[in-house]
Amino acid sequence: RVEELEMLCAIGQQLGIAVQNARLYQEIRKGATELERRVADRTAEVRKINECLEAEIVERKKVEDALRVSEKRFRSLIENSLDAISLLDADGNVLYDSPGYERISGFSENDRKGKKAFDLVHPDDRARLTSLMSKLLRETDQVVLSPIRVRHADGSWRWIEGVVQNMLTDPDVH
């Protein structure tokens, strides 16, 4: 009988362990199922976010392509124009000269960049031009430039006329 009791106790302990293991397995299975659900939910969220990001990337590429085409068109118009286009700072220093300026004056953009634009103006026309530019700094309207003489790279004087506009406050120009 003692042996049977010991055996029954051992079986009881084993049965208790088995029941406890079964409960733990159910809890683990329940936790795994919950984890799988969370992973599936999060994966769906990430997919949606990725789809949105991909759509934004496609749209951004379209905008960048359109901007590139627009810039190329603008550059082509400016660089192939027979007209001279110059960009000056508020002090009259040359920031940019279009290739048309070189065709007219013989001076390249690098020859004039950073230098005073009025240095090449004939001395007899300089006061009139300075007055006109001072007015333009106060009033941002376009001004038609009456003919003035400018020095050509070969030393001769050339008559030019044009339209001048103050764009110092336009952030797209700077």
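Treat the numbers as computed from the prediction; the structure is a model and nothing was measured.

Engineer: Explain the layout of surface pockets residue by residue, including any values.
Structural biologist: It is the rolling of a water-molecule-sized probe over the atoms that shows where space remains empty. One number sums up the size of the largest pocket: a volume of about 1500 Å³. What lines the largest pocket is a set of 46 residues, among which Ile85, Ser86, Leu87, Leu88 and Val163 lie closest to the centre. Those elements giving two or more residues to the lining of the largest pocket turn out to be helix H1 (2-80), strand E1 (86-88), helix H2 (99-105), helix H4 (123-138), strand E3 (143-151) and strand E4 (157-164). A per-class count over the lining of the largest pocket returns 27 nonpolar, 9 polar and 10 charged.

Engineer: For H4, give the residues involved together with the corresponding values.
Structural biologist: In a regular helix each residue adds 1.5 Å, so 16 residues correspond to 22 Å; H4 covers 24 Å between its end C-alpha atoms and thus fits that length. All of the buried residues in H4 are Asp125, Leu129, Leu132, Met133 and Leu136. All buried residues of H4 project into a common sector of 100° when viewed along the axis, lining one side. Seen from the open side of H4, the exposed residues pointing more than 90 degrees away from its buried face are Pro123, Ala127 and Arg138. Close packing links the buried residues of H4 with E1, E3 and E4.

Engineer: I'd like a rundown of the confidence of the model for the protein chain, residues and numbers included.
Structural biologist: Per-residue pLDDT for the protein chain averages 91, and the proportion of residues at 70 or more is 99%. Highest mean pLDDT in the protein chain belongs to H1 (94); lowest belongs to E3 (87).

Engineer: Which residues make up the pattern of salt bridges, and what values do they have?
Structural biologist: Counted according to the given criterion, the structure contains 11 salt bridges. Asp65 is the partner of Arg68 in a salt bridge, and the nearest nitrogen-oxygen pair spans 2.6 Å. One end of the pair, Arg68, and the other, Asp65, are both in helix H1, 3 residues apart, so they sit about a helical turn from each other. Among the residues examined, Asp65 registers a relative accessible area of 39% and is labelled partly exposed. The salt bridge partner of Arg158 is Asp154, with a shortest N-O separation of 3.2 Å. A cluster of three or more residues bridged by salt bridges with shared partners is formed by Glu34, Arg37, Arg38 and Asp41.

Engineer: How would you summarise the side chain of Ser105 if you had to cite specific residues and measurements?
Structural biologist: Its place among the elements puts Ser105 in helix H2. When neighbours within four sequence positions are excluded, Ser105 is seen to be in contact with His152 and Ala153.

Engineer: With reference to specific residues and values, describe a nonpolar patch on the surface.
Structural biologist: Together, Met7, Leu8 and Ile11 line one region of the surface with nonpolar side chains, adding up to about 330 Å² of accessible area. Looking at where Leu8 falls in the secondary structure, it is placed in helix H1. Residue class for Leu8 comes out exposed when judged on its relative accessible area of 57%.

Engineer: Can you tell me about the nonpolar core, naming the residues and giving the values?
Structural biologist: Counting residues in each nonpolar core, the largest one holds 10 residues, listed as Val121, Leu129, Leu132, Met133, Leu136, Val143, Leu145, Ile148, Val150 and Val164. Secondary-structure elements contributing two or more residues to this core are H4 and E3. Those residues in contact with Val121 that lie beyond four places of it in its chain are Arg126, Leu129, Ile148, Arg149, Val150 and Trp157.

Engineer: Now, about the side chain of His152: what can you tell me, with residues and values included?
Structural biologist: Examined against the element boundaries, His152 turns out to sit in the loop between E3 and E4. For His152, a relative accessible area of 13% puts it in the buried group. A polar contact is formed between the side chain of His152 and the backbone nitrogen of Asp154, at a distance of 3.0 Å.

Engineer: Could you give me a rundown of the pairing of E3, with the residues and numbers involved?
Structural biologist: Inspection of the sheet shows E3 paired to E4 by 7 bridges, in the antiparallel sense. What sits directly across from Arg149, in E4, is Trp159. The loop that links E3 with its antiparallel partner E4 comprises 5 residues; one of these, Gly155, has a positive phi angle of about 95°.

Definitions and limits used
- Residues numbered from 1 in each chain as written.
- Predicted model: local features only at pLDDT ≥ 70, side-chain atom pairs only at ≥ 80, totals over all residues.
- Heavy atoms only, no water.
- 1 Å grid on protein atoms, 1.4 Å probe; cavity = no way out; pocket = protein on both sides within 12 Å on 5 of 7 lines; lining within 4 Å.
- Points joined across faces, edges and corners; volume = space filled by probe spheres on them.
- Helix = DSSP H or I, 4+ residues; strand = E, 2+ residues; numbered from the N terminus.
- Nonpolar A, V, L, I, M, F, W, Y, C, P; charged D, E, K, R; others polar.
- Expected span 1.5 Å × (residues − 1).
- Buried < 20%, exposed > 50% of the residue type's maximum accessible area, 1.4 Å probe, protein only.
- Arc of directions from axis to C-beta.
- Contact = heavy atoms within 4.5 Å.
- pLDDT = per-residue confidence, 0-100.
- Salt bridge = Lys/Arg side-chain N within 4 Å of Asp/Glu carboxyl O.
- Patch = residues over 30% accessible without salt bridge, like charges linked within 9 Å, V, L, I, M, F, W, Y side chains within 5 Å.
- Areas by Shrake-Rupley, 256 points an atom, 1.4 Å probe, with all protein chains shown as cover.
- Core = buried A, V, L, I, M, F, W, Y, C linked by side-chain atoms within 4.5 Å.
- Polar contact = N/O pair within 3.5 Å; in protein donor to acceptor, adjacent residues only side chain to side chain.
- Pairing = 2+ DSSP bridges.

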